[in-house]
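Survey of secondary and tertiary structure
Spelled out from the first residue to the last, the chains are:
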Amino acid sequence: MIRDFSIRWKFLVVAVCLVVSVVVIMTVIHISAQEAALKNELNTHIRTMKESMKERARDLAHGLVSIIDEALVTFDISAIIKQVKKSVETGKQSGEPAYIILMDNDSIALIHTLMPQLRQTKLTEPEDVFAIAQNQEVINEFTKDANEYMEIIVPVQLASQPWGVLRIGYSNKRLNQLIKDTQGTIKLKTQEMIVRSIVVAIIYIIINAVIVLFISGTLTGPLISLTKTAEDISEGHFSAADRIAVRSEDEVGILTRTFVEMTHKLRSSHEQLAQYNRTLEVRVEERTRQLHEINENLKNERNRLEAAHKKITDSIEYASMIQNSILPEDSAIARYFGEHFVIWQPKDVVGGDIYIIDELSQQNECIVSVIDCTGHGVPGAFVTMLVRTIWSNVVDSIKTDNGGCTPGRIFSMFNNSLRELLKQDVVDSQSNVGFDGGVFYLNRKRGIVRYAGANVPLFVCRNGHVGIIKGDRQGVGYKKSNPDYVYHDIELDVVQGDIFYITTDGYLDQNGGEKDLPFGKSRLVSIIQNNWHIPMSEQREVLLVQLDSYQAQADRNDDITVVGLKI
């Protein structure tokens with residue numbers, strides 16, 4: 001019922017508003033036109049009255065001028081006065097004229113009907129000055145003492161010479177009163193016209209409202225019926241469409257017929273969909289049961305995998321603890337060098353890099369070794385444990401009493417020991433394992449160092465000048481390594497302040513930069529040259545920051561070990 005009321009009365013309100021708007025506009029236009037016509041008629045009447053007054057004034061003036069001209073010739077002033085009084089007496093009832101003034105060229109008033117006491121007096125008012133200056137007939141309109149006057153000025157001649165002027169004045173008081181009365185009449189007529197127009201407009205609006213109400217019911221009835229039926233159908237009552245009757249062949253009838261046909265199709269589709277849903281529900285239940293079984297299996301498998309992963313992770317973390325435990329303490333290196341730093345960063349939890357310090361029998365001798373074993377992660381860590389296990393035996397076996405320790409002999413002996421241990425000479429052996437590294441021997445008493453490198457260079461810095469000792473291009477313990485290869489020692493005299501840097505290829509080969517190229521030796525040399533004078537701990541931070549900046553978003557390639565030693 002609310003929707004029925006709403007659509008019908010909305011239509012009614014819109015239609016009535018349109019009718020009211022048209023009626024109001026037409027009424028306003030009609031009233032404005034009538035009012036304008038009455039005002040125009042008044043203005044025309046006023047102009048006519050003024051013109052009539054001017055004509056009467058002219059006629060009177062011309063008649064008096066003729067009499068004045070004759071009287072002046074005979075100097076019969078009394079005849080002039082008599083005729084003027086007669087003209088004034090004749091116009092008293094009509095109020096025309098209000099006054100008559102005759103004045104000579106000296107502005108002396110011979111006749112002044114309005115103010116007789118001014119006779120034989122020189123007139124000096126502005127209108128008097130204006131009048132005596134005229135030499136032809138002129139009409140002057142002016143206001144004096146709150147009264148409006150229209151004055152006709154006619155020159156008077158004596159013997160064809162200017163003698164003075166005749167002034168006949170008319171008061172506009174009567175004319176203004178007539179205008180005021182006429183305006184009042186127009187106002188009354190306008191009010192009556194507005195009332196009549198409003199009454200006619202109200203009657204017209206009521207008639208149109210009744211007609212529109214009837215039409216709105218006729219037009220909106222079918223639409224309201226369709227709306228109610230659509231609501232029933234939306235609630236699932238498709239039979240409601242059977243109650244709709246098509247009573248016309250216009251657009252509403254076509255809409256109704258189409259709606260009924262659409263409803264029948266929708267009912268058929270709804271029944272098919274209901275059947276499909278019932279079938280689908282059975283399938284979904286079966287599929288849900290299967291997925292539940294699969295999910296339980298996956299959950300069990302995930303639990304097994306998580307347990308295995310935890311076991312592996314725990315093992316790797318324990319292996320990391322073991323690997324960290326075999327690394328030397330900083331205090332062991334600090335006993336032999338003024339300053340030092342170590343960067344040891346496995347790629348994974350454990351790694352294939354290791355560094356070792358061997359303190360020899362003499363307190364002034366030590367060996368610092370940096371080893372890069374095959375692989376990284378768990379395989380690399382296994383190799384480091386193997387290397388560390390047999391390293392001390394190799395170092396102890398080559399000590400000499402007079403010549404000191406020789407790093408090259410350590411590599412040569414380790415090369416044979418590792419190949420023999422891993423059975424690298426066996427043809428079908430699959431263990432192609434070994435390492436690259438550098439062995440740095442320091443003898444503080446003699447002031448020398450010896451270095452042997454297996455694919456690992458030594459960077460030497462003295463007062464900012466950096467040199468590179470490349471070492472041998474021969475790995476240790478690999479299947480293809482030459483068992484008879486002799487690794488070379490490089491011996492250098494050292495002075496206090498010399499700095500030595502040993503790094504595995506993990507630092508030098510790290511990719512990054514705009515072109516994704518390796519970090520390279522030249523960048524490392526540049527860092528050393530720019531920072532050799534600062535403490536070794538700060539140099540360590542510079543090396544890490546420079547590498548991180550260069551690496552950016554690239555992945556870490558390998559384990560990284562860098563050892564810096566300052567004499």
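Located above this text is the structure these notes cover.
Every chain begins its residue count from 1, and numbering advances along the sequence as written. Under the rules for a predicted model, residues below a pLDDT of 70 receive no local features and side-chain atom pairs below 80 are neither given nor counted, while totals for whole chains, interfaces and linings still include all residues. Hydrogens and waters are ignored; side-chain quantities use all the structure's heavy atoms.

1. Structural notes on a nonpolar patch on the surface
Condition: Residues forming no salt bridge and having over 30% relative accessible area are the ones grouped into patches, like charges within 9 Å of each other and nonpolar side chains (Val, Leu, Ile, Met, Phe, Trp, Tyr) within 5 Å. Areas reported here follow the Shrake-Rupley algorithm with a probe of radius 1.4 Å; residue values treat only the protein chains shown as occluding. Counted as salt bridges are all cases of a side-chain nitrogen of Lys or Arg within 4 Å of a carboxyl oxygen of Asp or Glu. Helix and strand definitions follow DSSP, with helices as H or I runs of at least four residues and strands as E runs of at least two, each counted in order from the N terminus. Type-normalised accessible area, obtained with a 1.4 Å probe on protein chains alone, sets the label of each residue: buried when under 20%, exposed when over 50%, and partly exposed for intermediate values.
A contiguous nonpolar surface patch, about 660 Å² in accessible area, is contributed by Val195, Val199, Ile203, Ile207, Ile211, Phe214 and Ile215. You can see valine 199 is positioned in helix 4 (residues 173-234). Overall, valine 199 belongs to the partly exposed group, its relative accessible area being 41%.

2. Let's talk about the sheet that holds strand 11 (residues 458-462)
Quick note on the threshold: Whether two strands pair comes down to DSSP finding at least two bridges between them. Where helices are involved, their axes are fitted lines through C-alpha atoms of the stretch in contact, as for all axes, and angles between N-to-C directions lie from 0 to 180°. Contacts between residues were defined by any pair of non-hydrogen atoms, one from each residue, lying within 4.5 Å.
On the basis of which strands lie adjacent, the open sheet formed by five strands has the order 6-17-14-11-12 and antiparallel pairing. Either end of the sheet is taken by a strand with one partner, and the two such strands are strand 6 (339-345) and strand 12 (465-469). The mean angle between the axes of side-by-side strands here comes to 15°, regardless of whether they run parallel or antiparallel. Pairing of strand 6 with strand 17 (residues 560-566), which is carried by seven bridges, proceeds in the antiparallel orientation. Bridge pairing in strand 17 links glutamine 345 to isoleucine 560. Sheet contacts for helix 10 (residues 521-531): strand 11, strand 12 and strand 14 (499-503); angle to strand 11, the most-contacted strand, approximately 25°. Strand contacts of helix 11 (residues 536-551): strand 6, strand 14 and strand 17, with the helix running at about 30° to strand 6, the strand carrying the most contacts.

3. Structural notes on the pairing of strand 2 (residues 109-112)
By the bridge criterion, three bridges tie strand 1 (residues 99-104) to strand 2 in an arrangement that is antiparallel. Note on strand 2: the bridge partner recorded for leucine 102 is isoleucine 111. Hairpin geometry of strand 1 and strand 2 is characterised by an intervening segment of four residues between the two adjacent antiparallel strands and by a positive phi of about 65° at serine 107.

4. A closer look at the packing of helix 10 against helix 11
When two helices pack together, you describe them by how their axes are tilted relative to each other and by the distance separating the axes. To keep it simple, the criterion reads: Handedness of a crossing follows from how the near helix is turned relative to the far one, being left-handed for an anticlockwise turn of less than a right angle and right-handed for a clockwise one. Gly is put with the polar residues, along with every residue not named as nonpolar or charged; the nonpolar set is Ala, Val, Leu, Ile, Met, Phe, Trp, Tyr, Cys and Pro, and the charged set is Asp, Glu, Lys and Arg.
The geometry of helix 10 relative to helix 11 is characterised by a closest axis approach of 11 Å and an angle of 140° between their N-to-C directions. At the point where helix 10 passes helix 11, the crossing takes the right-handed sense. From helix 10, Arg523, Leu524, Ile527 and Asn531 reach across to helix 11, where they touch Gln539, Val542, Leu543, Gln546 and Tyr550. Here the contact of helix 10 with helix 11 is composed, by residue class, of five nonpolar, three polar and one charged.

5. Quick notes on the packing of helix 7 (residues 377-397) against helix 8 (residues 407-421)
The line we're drawing: Each angle is binned into one of four classes, with values under 35 degrees roughly parallel, values over 145 roughly antiparallel, values of 65 to 115 roughly perpendicular, and all other values oblique.
Interaxial distance between helix 7 and helix 8 falls to 10 Å at its minimum, and their mutual angle equals 135°. Considering the angle they form, helix 7 stands oblique to helix 8. Classified by chirality, the crossing of helix 8 by helix 7 is right-handed. Across the interface between the two elements, Leu386, Val387, Ile390, Trp391, Val394, Val395 and Ser397 of helix 7 pack against Ile410, Met413, Phe414, Ser417, Leu418 and Leu421 of helix 8. Of the residues that constitute the contact of helix 7 with helix 8, the class distribution is eleven nonpolar, two polar and no charged.

6. Focus on helix 8
Let me state the cut-off plainly: Given the number of residues in a helix, its expected span is that number minus one, multiplied by 1.5 Å.
Taking 1.5 Å of rise per residue, 15 residues should cover 21 Å, and helix 8 covers 21 Å from first to last C-alpha, within 8% of that figure. Trailing helix 8 by a residue or two, lysine 423 shows a phi angle of about 55°, which is positive.

7. Topic: the sheet that holds strand 9 (residues 435-443)
Pairing is antiparallel in the open sheet, where five strands are placed in the order 7-8-9-10-13. The open sheet has two edge strands with one neighbour each: strand 7 (353-359) and strand 13 (490-493). Across the sheet, the mean angle separating the axes of adjacent strands is 15° when strand polarity is ignored. Strand direction decides the pairing type here: strand 9 and strand 10 (residues 448-454), joined by six bridges, are antiparallel. The partner of tyrosine 441 across the bridge, within strand 10, is arginine 450. Along the sheet, helix 7 makes contact with strand 7, strand 8 (365-373) and strand 9, crossing strand 8 at roughly 155°. Helix 8 rests against strand 8, strand 9 and strand 10 of the sheet, and its axis sits at about 145° to strand 9.

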